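Below, each chain spelled out in residue letters.
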Amino acid sequence: MDPINRGPEEYGHDGEGDDARQGRGTPAPAPAPARARVVRLVSGDLLVTVNPVDGSEIEPCPPGHEPAAPRPLTAEERAEAARAAAPPVPPGPAAPTLPLLERQEERERLVGILGRGRSARLSGPAGSGRTALLDAVAADCADLAPDGVVRLSGHHRTPAELLHELFAAVRYAPDHRPGRTVLHDRLREIGAVVVVDDLEFGGAALDEFLAAAPECAFLLAAGPDTPAPSADAHVEDIHLAGLGRGAALKLLESAVGRTLTDDEANWAGDLWFESEGLPLRFVQAGALLRQRDRLRVTPAEFDAFGALEEAFGPTDPEAAAAVAAAAFDGVDDPDVELREIPLPSLGEGAAPAALLASRLSRSAQSALRFAVALGGEVPHQAHLPALVGDTHADAALGELRACGLLSPVGPRYRLAAGVLTQLLAQGYEPDQAAADRAHTIAQHYAWWAAHPSVTPERAVAESDAVLAALSVLVAGTGGEPDTEAEHRATAVLLARAAAPAFAAGLHWGAWERTLRAGQEAARLTGEVAEEAYFHHELGVLALCAGNLERARAELEASIGMRGVLADKRGTVAGRRALALVADLSGEHAAPAETRAEEPVSPPRGIPSLRGPARRPAPQPLPTPPGGTAGVLGRTAPSGVAGRGTAQSSMPAFPDFADEGPTLITRPDTAKGAGRPGLGGGIINGARRNLAAVGAGALLVAVLGTVVTLGATSGNGEDPATNRVTSDSTATDDTTDDGIDGEEEPAEGDEPGETGEATRSGSPSPSVSGSASPSGSTDPSGSGTPGGSGAPSSSGSPSTTTPPTATTPPTRPTTRPPRPTTTPPKPPTTTSKPPTTTPPPVTTTPPEPTTDPPTTSPSTGGADSPSISASSSLGGSPAPGDVTGSPA
């Protein structure tokens with residue numbers, strides 16, 4: 001499907017039947033949208049899939065997808081490549097053939113240098129005829145090298161781009177862009193004469209470019225502003241000067257096609273002095289004289305009704321020039337009427353662009369205005385009819401070429417040196433009009449580049465015009481805001497359409513410039529989705545070029561934008577590329593070795609778990625002054641003193657090893673930062689360790705206070721509740737009085753002091769509920785609970801009982817007899833803080849009038865005298881806390 005010649009299937013009549021033609025039945029379904037052009041190519045060791053929808057995908061080249069080894073081009077393929085590298089011949093009247101004057105010496109010298117396998121650099125001002133001399137030398141060296149002559153254009157090209165173009169011009173490797181190492185290896189095998197016009201770099205970059213292909217002889221052409229080669233470069237520099245007076249007049253006669261008159265010869269002499277003999281000025285002067293000859297002939301001689309002049313401007317220049325030449329040569333023709341047209345002024349001869357443009361046809365003037373709007377870049381002749389709106393506008397390129405307003409640049413044309421400056425100085429195209437024309441070109445190229453029938457090679461040939469249109473639209477002209485926004489939105493569409501084509505055509509320099517222009521336009525217009533796409537493509541391009549840090553920055557920006565937009569497919573493509581960046585940069589490798597003197601650890605240290613094999617032997621804790629009773633406020637029975645001492649040596653946190661102080665380290669300092677001194681580090685570490693130890697001591701003290709308060713808060717008025725030992729066990733009583741509930745508290749009993757045990761599912765350390773006086777005598781002669789119920793003032797230390805498994809309390813089957821006497825009141829004094837010994841109790845309980853039963857009641861009763869201090873703390877009574885009377 002061609003974008004210019006439409007096929008019958010595009011008009012929508014092939015799929016219609018009789019019913020559709022007669023207006024009956026269902027209409028034909030809409031045609032399916034064109035599929036996106038997806039191209040897979042190999043860049044170094046990476047496989048790139050150019051996807052114009054979601055963004056290109058990149059991955060390591062899998063086995064079986066490696067490109068074939070490049071092979072040399074055949075003679076036919078080299079001839080085809082040479083024709084593609086030359087500018088096309090424009091339609092219309094052919095330009096006069098001009099001789100190469102006063103260049104024979106330089107021509108022979110350059111051929112001799114190249115024949116010896118050396119390189120040469122031809123320099124000279126713009127318009128000195130460098131391109132014409134290169135054409136002549138290239139023709140003389142056609143059979144000099146095994147790979148022939150390779151023509152390259154250095155206009156807006158970097159050394160890397162030129163090397164890749166050299167490889168593609170000599171070796172057949174479709175969809176393959178070799179890496180730097182492989183490229184240099186392949187270039188060492190190439191032996192050709194490389195002719196590079198419009199070179200824009202020199203110095204070290206030129207040395208690297210020449211060293212990459214040691215078997216090639218280079219002929220370079222550069223302007224006066226291009227940097228010179230380095231002193232170590234083996235390149236002979238030849239300067240090209242202007243023509244002499246005689247050669248300049250002879251060139252002018254060849255351009256005009258006739259002999260000059262005396263006035264014209266004098267005018268040409270003044271022009272030679274003004275232009276320093278530049279050949280381009282005399283080519284343009286010849287065009288001025290041809291236009292003058294045509295204007296001197298009456299238009300009625302060729303177009304009686306003026307239709308041709310109205311449509312195409314002045315009459316046929318060839319016919320007018322022939323008539324004028326015949327008249328000037330003395331041929332008297334009475335039917336020809338000549339008008340007096342003065343010669344151009346010396347200023348117009350030195351800067352003839354505006355005068356030449358004013359005498360062009362309308363189509364040629366429109367094409368020239370488009371070239372001015374693009375900064376000197378001229379669209380291909382196939383696009384001129386669509387841009388100008390004239391089916392014969394492709395002939396305008398030949399007219400501009402014959403006037404000396406265009407010069408060849410690689411496979412295309414651009415405005416000759418100085419023409420753009422001269423036209424802008426004369427106000428040929430205002431800024432706003434130029435922006436509108438650039439917008440028209442951008443719209444046309446956006447449609448054309450996205451068309452499926454356009455090959456990447458054709459798109460690459462128009463890369464300079466596309467980039468020129470993008471630069472004009474993105475920069476803007478300061479017009480209306482709505483107009484500027486529309487222009488930049490068109491720039492985004494053009495960049496989206498052209499960037500994948502440039503990538504598929506392996507012209508990655510144009511690909512990068514297009515992406516950057518599109519990203520800037522998308523940023524200015526606020527199109528976040530398009531900006532994310534351009535960031536993604538720039539990341540893929542940087543990844544192919546080996547710039548991993550740049551690739552990471554671009555991909556992260558793209559992923560962030562697409563995450564905000566909830567673009568799942570685009571985000572996945574970006575994360576895949578970012579993962580490849582991480583793999584290539586080696587981020588998943590083993591971490592670097594830490595310094596031995598400063599191990600890496602969290603700021604507060606890492607406590608090590610203590611397993612059974614590493615459990616250290618328990619160390620006895622230091623006894624505070626006054627014994628443990630000073631801390632707990634209670635004394636332990638004398639019979640369990642030994643066990644209590646053994647259990648008191650358990651650490652506060654048994655799950656972690658108390659093997660030493662916690663190691664606290666600092667993180668590595670930044671590179672270049674000062675490292676603190678050794679003394680400061682020791683002092684800071686000691687302060688941190690002291691703070692940790694102090695916090696632990698404070699925690700132990702708080703826990704001890706809580707335990708002490710819980711142990712002393714369970715003293716009820718029943719004296720039997722304070723007579724509890726850990727050596728006796730509870731026995732079940734078979735007597736059942738038929739009462740299941742708890743007994744009503746007697747007079748004087750307060751709720752909350754009954755010592756009722758609560759159920760707990762976790763073991764808790766219990767403290768002995770009472771301590772017996774060391775020298776007391778049982779009044780009843782037996783170990784009854786009423787023997788002694790008040791705390792003793794003796795100094796025997798009491799110890800905590802070890803943690804025991806909690807058993808759920810059972811409901812008592814018997815109710816112990818209550819004393820007949822009134823229970824004593826609570827002690828009138830309270831215990832002091834844990835650091836002092838409680839004062840002695842001033843009251844003693846009275847003796848009961850009835851003997852208590854000789855058997856202990858079952859555990860867990862509401863009024864059971866065997867409740868331990870753990871009951872008051874909310875835990876279940878431990879079996880070791882229940883005591884009984886000796887038999």
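Criteria and thresholds
Residue numbers run consecutively from 1 along every chain, following the written order of its sequence. Since the coordinates come from a predicted model, pLDDT governs what is reported: local features require at least 70, and pairs of side-chain atoms require 80 or more to be given and counted, while whole-chain, interface and lining totals use all residues. Based on all heavy atoms of the structure, the side-chain values leave hydrogens and waters out of the count. Put simply, DSSP marks the helices as runs of H or I at least four residues long and the strands as runs of E at least two long, and each gets a number from the N terminus on. For the exposure calls, accessible area comes from a 1.4 Å probe over protein chains only, and a residue counts as buried if that area is under 20% of its type's maximum, exposed if over 50%, partly exposed in between. Pairs of residues are marked as contacts when any of their non-hydrogen atoms sit within 4.5 Å. Using a 1.4 Å probe, accessible areas were evaluated by the Shrake-Rupley method; residue-level cover was limited to the displayed protein chains. Here, nonpolar core means buried Ala, Val, Leu, Ile, Met, Phe, Trp, Tyr and Cys residues that are tied together by side-chain atoms lying within 4.5 Å of each other. Whenever a carboxyl oxygen of Asp or Glu lies within 4 Å of a side-chain nitrogen of Lys or Arg, that contact is scored as a salt bridge. Each Phe, Tyr or Trp ring, with Trp reduced to its six-membered ring, pairs with another whose centre is within 6.5 Å; inter-plane angles below 30 degrees give stacked pairs, above 60 give edge-to-face pairs, and intermediate values give tilted ones. For a Lys NZ or an Arg CZ to count as sitting over a ring, it must be within 6 Å of the ring centre and within 35 degrees of the ring normal. Note on definitions: angles span 0 to 180 degrees between N-to-C directions of axes, and those axes are lines fitted to C-alpha atoms, for helices only across the stretch in contact. For classification purposes, an angle smaller than 35 degrees is called roughly parallel, one larger than 145 roughly antiparallel, one from 65 to 115 roughly perpendicular, and anything else oblique. Here is the rule for handedness: rotate from the far helix to the near one, and if that takes an anticlockwise turn smaller than a right angle the crossing is left-handed, while a clockwise turn gives right-handed. Each residue receives one of three labels: charged for Asp, Glu, Lys and Arg, nonpolar for Ala, Val, Leu, Ile, Met, Phe, Trp, Tyr, Cys and Pro, and polar for the others, Gly being one of them. Strand pairing follows a simple DSSP-based rule, namely that at least 2 bridges must link the two strands. The patch calculation keeps residues exceeding 30% relative accessible area without a salt bridge and links them within 9 Å when they carry like charges or within 5 Å when they are nonpolar (Val, Leu, Ile, Met, Phe, Trp, Tyr). What pLDDT conveys is the predictor's confidence in a given residue, as a value from 0 to 100. A helix is expected to span 1.5 Å for every residue after the first. For this analysis, a polar contact is any N or O atom pair within 3.5 Å, provided that within protein one partner can donate a hydrogen and the other can accept it, and provided that sequence-adjacent residues contribute only side-chain to side-chain pairs.

**Things to note about the overall build of the protein chain**
- Helix and strand counts for the protein chain stand at 30 helices and 13 strands.
- The buried share of the protein chain, taken over its 887 residues, is 39%.
- Contacts spanning at least 24 positions in sequence make up 75% of the contacts within the protein chain whose residues lie at least 6 apart.
- When the accessible surface of the protein chain is split by element, carbon and sulfur atoms take 56% of a total near 46300 Å².

**Comments concerning the nonpolar core**
- Counting residues in hydrophobic clusters, the biggest one holds 58 residues, and the most contacted among them are Ile-58, Leu-470, Leu-494, Trp-511 and Leu-543.
- Elements with a minimum of two residues in this core: β2 (46-50), α19 (431-449), α21 (463-475), α22 (481-504), α23 (508-525), α24 (528-545), α25 (548-565) and α26 (568-585).
- Here this core gets 10 residues from one element, more than from any other, and that element is α22.
- Setting aside residues no more than four positions away along its own chain, Ile-58 makes contact with Leu-46, Leu-47, Val-48, Val-540, Leu-543, Cys-544, Ala-577 and Leu-580.
- If you look at the next biggest cluster of nonpolar residues, it comprises 28 residues, including Ala-287, Leu-360, Ala-396 and Leu-415.

**Some points on the pattern of salt bridges**
- Evaluation of the coordinates by the stated rule reveals 26 salt bridges.
- A salt bridge links Arg-180 to Glu-208, with the shortest nitrogen-to-oxygen separation between them at 2.8 Å. In this pair, Arg-180 sits in helix α6 (residues 180-187) while Glu-208 sits in helix α7 (residues 204-212), placing the two residues 28 residues apart along the sequence.
- Residue classification places Arg-180 among the exposed residues on the basis of a relative accessible area of 55%.
- Put simply, Arg-562 and Asp-567 hold a salt bridge, and the shortest N to O gap is 3.7 Å.
- The class for Asp-567 is partly exposed, based on a relative accessible area of 28%.
- Beyond isolated ion pairs, a larger network of salt bridges with shared partners links Arg-258, Glu-264, Arg-292 and Asp-293.

**Describing the environment of Pro-125**
- With respect to the helices and strands, the residue Pro-125 is situated in the loop between β5 (119-123) and α4 (130-140).
- Linking Pro-125 and Pro-224, residues 99 residues apart in sequence, is a C-alpha distance of 5.8 Å.
- If near-sequence neighbours (up to four positions away) are discounted, Pro-125 is found in contact with Arg-130, Pro-224, His-239, Leu-240 and Leu-278.

**Examining the packing of aromatic side chains**
- In the structure shown here, the tally under the stated rule is five aromatic pairs.
- Relative to Phe-209, the ring of Phe-201 has its centre 5.9 Å away and its plane inclined at 85°; by these criteria the two rings are edge-to-face.
- A relative accessible area of 9% places Phe-201 in the buried class.
- When the ring of Tyr-533 is compared with that of Phe-534, the centres are 5.4 Å apart and the planes differ by 70°; the resulting orientation is edge-to-face. Assigned by exposure class, Tyr-533 and Phe-534 land together as buried.
- These aromatic residues form a ring-pair network of at least three members: Phe-201, Phe-209 and Phe-218.
- Just above the ring of Tyr-428 sits the side chain of Arg-369; from NZ or CZ to the centre is 4.3 Å.
- The ring of Tyr-533 is capped by Arg-496, whose NZ or CZ atom sits 3.7 Å from the centre of that ring.

**Observations concerning the packing of helix α3 (residues 104-115) against α4**
- At a minimum axis separation of 10 Å, α3 and α4 run at an interaxial angle of 45°. The angle between the axes of α3 and α4 places the two elements in the oblique class. Of the two elements, α3 crosses α4, and the hand of that crossing is right-handed. Along the contact surface, α3 presents Glu-106, Arg-107, Leu-110, Val-111 and Leu-114, while α4 presents Leu-133, Ala-136, Val-137 and Asp-140.

**Things to note about the packing of α25 against α26**
- As a packed pair, α25 and α26 sit with axes 9 Å apart at the nearest point and diverge in direction by 155°. Overall, the two elements α25 and α26 adopt an arrangement that is roughly antiparallel. Where α25 crosses over α26, the two elements pack in a sense that is left-handed. Only Gly-570, Thr-571, Gly-574, Arg-575, Ala-577, Leu-578, Val-581, Leu-584 and Ser-585 of α26 make contact with α25, whose side of the interface consists of Leu-548, Ala-551, Arg-552, Leu-555, Glu-556, Ile-559, Arg-562 and Gly-563.
- Per-class residue counts for the contact of α25 with α26 are eight nonpolar, five polar and four charged.

**A few points about α4**
- Three or more residues of α4 are buried, namely Arg-130, Leu-133, Leu-134, Ala-136, Val-137 and Ala-138.
- Those residues of α4 that are buried lie in contact with α3, β5, β6 (149-153), β9 (193-199) and β10 (217-222).

**Let's talk about the environment of Pro-344**
- Inspection of the secondary structure assignment puts Pro-344 in the loop between α12 (317-328) and α13 (346-350).
- Here Pro-344 falls in the buried class, since its relative accessible area comes to 7%.
- The spacing of Pro-344 and Leu-288 is 56 residues in sequence and 7.8 Å in space, taken between C-alpha atoms.
- For Pro-344, the residues in contact, after removing those within four places along its chain, are Trp-267, Leu-288 and Leu-355.

**Description of the sheet that holds strand β8 (residues 176-177)**
- If you walk across this open sheet you meet the four strands as β3-β2-β1-β8, and the pairing is mixed. Two strands bound the open sheet, and with one partner strand each, they are β3 (57-60) and β8.
- Pairing of β2 with β3 involves four bridges; the strand directions are antiparallel. Residue pairing across strands places Thr-49 opposite Glu-57, the latter belonging to β3.

**Describing a nonpolar patch on the surface**
- A cluster of nonpolar side chains, namely Val-528, Val-564 and Leu-565, defines an oily patch on the protein surface of about 260 Å² accessible area.
- Relative to the helices and strands, Leu-565 resides in helix α25.

**Let's talk about the confidence of the model for the protein chain**
- For the protein chain, per-residue confidence averages 73 on the pLDDT scale, and residues scoring 70 or more make up 60% of the total.
- This stretch, residues 327-332, has a pLDDT under 50; its non-local contacts, to residues over four places away or in other chains, come to five contacts.

**Here's the deal with the pairing of β2**
- Of all five residues in β2, five are buried, a share of seventy percent or more.
- Neither face of β2 is left uncovered, since the one carrying Leu-46, Val-48 and Val-50 and the one carrying Leu-47 and Thr-49 both have all their residues buried.
- As defined by bridge partners, strand β1 (residues 39-43) adjoins β2 across five bridges and the pair is classed as antiparallel. Within β2, the residue paired with Leu-41 across the bridge is Val-48.
- Following β1, the chain reverses through two residues before pairing antiparallel with β2; Gly-44 in that reversal takes a positive phi of roughly 65°.
- The antiparallel pairing of β2 with β3 creates a hairpin that spans six residues between the two strands, and Gly-55 there sits at a positive phi of about 115°.

**Things to note about helix α5 (residues 159-170)**
- The end-to-end C-alpha distance of α5 is 17 Å, a good match for the 16 Å that 12 residues give at a rise of 1.5 Å each.
- Taken residue by residue, α5 has Glu-161, Leu-162, Leu-163, His-164, Leu-166, Phe-167 and Val-170 as its buried positions.

**What to know about the sheet that holds β10**
- Judged by pairing direction, the sheet is parallel, and its five strands sit side by side in the order β6-β9-β10-β5-β11 without closing on themselves. Each edge of the sheet is formed by a strand with only one pairing partner; in this case those strands are β6 and β11 (235-239). Between one strand axis and the next, the sheet turns through 15° on average, direction left out of account.
- Sheet analysis places β5 next to β11, joined by five bridges and oriented parallel. In the sheet register, Arg-121 faces β11, and the bridge partner there is Asp-237.
- Contacting β5, β6, β9 and β10, α4 runs over the sheet at an angle of about 175° to β9.

**Overview of the environment of Asp-135**
- Locating Asp-135 in the fold gives a position in helix α4.
- Asp-135 sits 16 residues away from Arg-151 along the chain, and the two C-alpha atoms are 9.5 Å apart.
- Within the structure, the side chain of Asp-135 is placed 3.0 Å from the side chain of Arg-151, a separation counted as a polar contact.

**Describing unusual backbone geometry**
- Despite not being glycine, Asp-175 has its phi angle at roughly 55°, a positive value.
- Tracing the chain through its elements places Asp-175 in the loop between β7 (171-172) and β8.

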